[in-house]
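Spelled out, the chains give:
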Amino acid sequence: MNSYRIALNFEDGVTRFVDCSANEKVLDAAFRHRINLPMDCSDGVCGTCKCKAESGAYDLGDDYIEDALTGDEAAEGLVLTCQMVPRSDCVISVPVPSSACKTGTAAFQATVAQVGPFGDAAYELVLDVADTAPVFLPGQYVNIGVPGSGQHRSYSFSSMPGAQHMSFMIKQVPDGLMSTWLGTAQSGQMLEMTGPLGSFYLRSVTRPLLFLAGGTGLAPFLSMLEVLAMHGTSQPVHLVYGVTRDQDLVMVDRLEAYAARISGFTFSTCVADPQTTHPRQGYVTQHLAPEVLHSGNVDVYLCGPPPMVEAVQKHFKAEGIAPASFHYEKFTPNQTVAS
């Protein structure tokens, strides 16, 4: 019997995964996993269980009334989880916090496999999962406990879901809590983690993609690109990778490898420092060629520090650019915010 993996992405950014058997309704599968999705009637009458299917194939049947789910709502991807029967893996946005459904972030452990420094710009942290590898959506992040501190820091996966090793691209922050620990981290050390989290993740690819990465905001795009390399895409994908200093431009060799593996993938880099020796000086907004914007028929994904996110938003508005969809994640050394 087939079963499908359903990602339930809650309003507070928590994501929980449930396995849904063939011909099983999503609401029933969630209850079986002790996740109490909103419901009143469970008969397709009240509409309380209405959610948004972000991706995947499914049947809604005809056992619900128009007052619970209109034809226009169904056409926009809204579903009643008490009627929805998946026909593939799906991602569902649930419009309430995870706590309202008596669930929360999953906790797991991992051990340090390798810490690779990139000068004074960044570290790559590679982890082995102690038990079952956590499931996540490409682009999401986790909270990693910093040993001995009682605190955690949030980092996006740079590895793809299901990989043997989890990897993270972490900015070196002078005297930073995580940076200081990474400078002395030893192979085999255990880390406590919670997640996955975040509404910044790769949706179904139905039109051209434009990825905009600032500094270590490249990390989630490496995860997305690995998924695209594994599964392929018929859509063009362009990434603009901007950094502050020449030495911050790391992992370009990996982008070159993806350009060789993914048909239609191209990328460009730029450096903001006026003294740079790089051929493209300036900010990401100065290196958005019209052809990568596809006259607005493009899904834009942006990950970088808050000033970069705000600059891109202002640039789009000033230029009259209205992408078909715009997903962003802005981060500071201690937090992540997605939309």
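Quick caveat: nothing in here was measured; it's all calculated off a predicted structure. (Residues numbered from 1 in each chain as written. Predicted model: local features only at pLDDT ≥ 70, side-chain atom pairs only at ≥ 80, totals over all residues. Heavy atoms only, no water.)

Focus on the confidence of the model for the protein chain
Phase 1 of the analysis: Averaged over every residue, the pLDDT of the protein chain is 91; the share at 70 or more is 96%.
Phase 2 of the analysis: Confidence over residues 335-339 falls short of pLDDT 50; this stretch has 17 contacts with residues more than four positions distant or in other chains. (pLDDT = per-residue confidence, 0-100. Contact = heavy atoms within 4.5 Å.)

A closer look at the nonpolar core
Phase 1 of the analysis: In terms of nonpolar packing, the biggest core is built from 31 residues, with Phe-211, Leu-218, Phe-221, Leu-225, Leu-239 and Tyr-241 touching the most fellow members.
Phase 2 of the analysis: Of all the secondary-structure elements, those providing two or more residues to this core are strand S14 (209-214), helix H4 (219-231), strand S15 (237-243), helix H5 (252-261), strand S16 (265-271) and strand S17 (299-304).
Phase 3 of the analysis: With seven residues, the top contributor of residues to this core is H4.
Phase 4 of the analysis: Once residues lying within four places of it in the same chain are set aside, the contact partners of Tyr-241 are Met-169, Ala-213, Gly-215, Leu-218, Asp-248, Leu-249, Val-250, Val-252, Leu-255, Ser-268, Thr-269 and Cys-270.
Phase 5 of the analysis: Judged by nonpolar contacts, the second largest core, of 30 residues, contains Cys-20, Leu-27, Ala-68 and Leu-197. (Core = buried A, V, L, I, M, F, W, Y, C linked by side-chain atoms within 4.5 Å. Buried < 20%, exposed > 50% of the residue type's maximum accessible area, 1.4 Å probe, protein only. Helix = DSSP H or I, 4+ residues; strand = E, 2+ residues; numbered from the N terminus.)

Examining the packing of aromatic side chains
Phase 1 of the analysis: If you walk through the whole model with that rule in mind, you get nine aromatic pairs.
Phase 2 of the analysis: Each residue in the set Phe-200, Phe-211, Phe-221 and Tyr-301 is aromatic and connected to the rest through ring pairs, giving one cluster.
Phase 3 of the analysis: Stacked on the ring of Tyr-201, the Lys or Arg Arg-203 has its end atom at 3.8 Å from the ring centre. (Phe/Tyr/Trp six-rings, centres within 6.5 Å; stacked < 30°, edge-to-face > 60°. Lys NZ or Arg CZ within 6 Å of the ring centre and 35° of its normal.)

A closer look at the sheet that holds strand S7 (residues 90-94)
Phase 1 of the analysis: Overall, mixed pairing links the five strands, which are arranged S2-S1-S7-S3-S5 in an open sheet. Two strands bound the open sheet, and with one partner strand each, they are strand S2 (15-21) and strand S5 (78-80). The sheet shows a mean angle of 35° between the axes of neighbouring strands, direction not considered.
Phase 2 of the analysis: Two elements, strand S3 (residues 50-55) and S5, share three bridges in a ladder whose sense is antiparallel. Counted as the bridge partner of Lys-50 is Leu-80 from S5. (Pairing = 2+ DSSP bridges. Axes fitted to C-alpha atoms, helices over the stretch in contact; angles between N-to-C directions.)

Focus: the pattern of salt bridges
Phase 1 of the analysis: Throughout the structure, instances matching the rule amount to nine salt bridges.
Phase 2 of the analysis: Residues Arg-32 and Glu-24 are paired through a salt bridge, measuring 2.8 Å at the closest nitrogen-oxygen approach.
Phase 3 of the analysis: Relative accessible area serves as the criterion here: at 47%, Arg-32 is assigned to the partly exposed category.
Phase 4 of the analysis: For Glu-24, a relative accessible area of 14% translates into the label buried.
Phase 5 of the analysis: Among the salt bridges present, the one from Glu-124 reaches Arg-254, with a minimum N-O distance of 2.6 Å. Within this pair, whereas Glu-124 is found in strand S9 (residues 122-129), its partner Arg-254 is found in helix H5, the two being separated by 130 residues in sequence.
Phase 6 of the analysis: A relative accessible area of 12% places Glu-124 in the buried class.
Phase 7 of the analysis: Through salt bridges with shared partners, a single network forms among Asp-120, Arg-245 and Asp-248. (Salt bridge = Lys/Arg side-chain N within 4 Å of Asp/Glu carboxyl O.)

Side note on the layout of surface pockets
Phase 1 of the analysis: Quantified by volume, the largest pocket comes out at close to 710 Å³.
Phase 2 of the analysis: As for the largest pocket, its lining consists of 27 residues, and the residues nearest its centre are Asp-89, Leu-137, Pro-138, Val-227 and His-231.
Phase 3 of the analysis: Mapped onto the lining of the largest pocket, the elements with two or more residues apiece are strand S1 (3-10), S7 and H4.
Phase 4 of the analysis: The dominant element in the lining of the largest pocket, judged by the number of residues it contributes, is H4, at three residues. (1 Å grid on protein atoms, 1.4 Å probe; cavity = no way out; pocket = protein on both sides within 12 Å on 5 of 7 lines; lining within 4 Å. Points joined across faces, edges and corners; volume = space filled by probe spheres on them.)

A word on the pairing of S3
Phase 1 of the analysis: Summarising the sheet, S3 and S7 pair through three bridges and their orientation is antiparallel. Bridging from a neighbouring strand, Lys-52 pairs with Ser-93 of S7.

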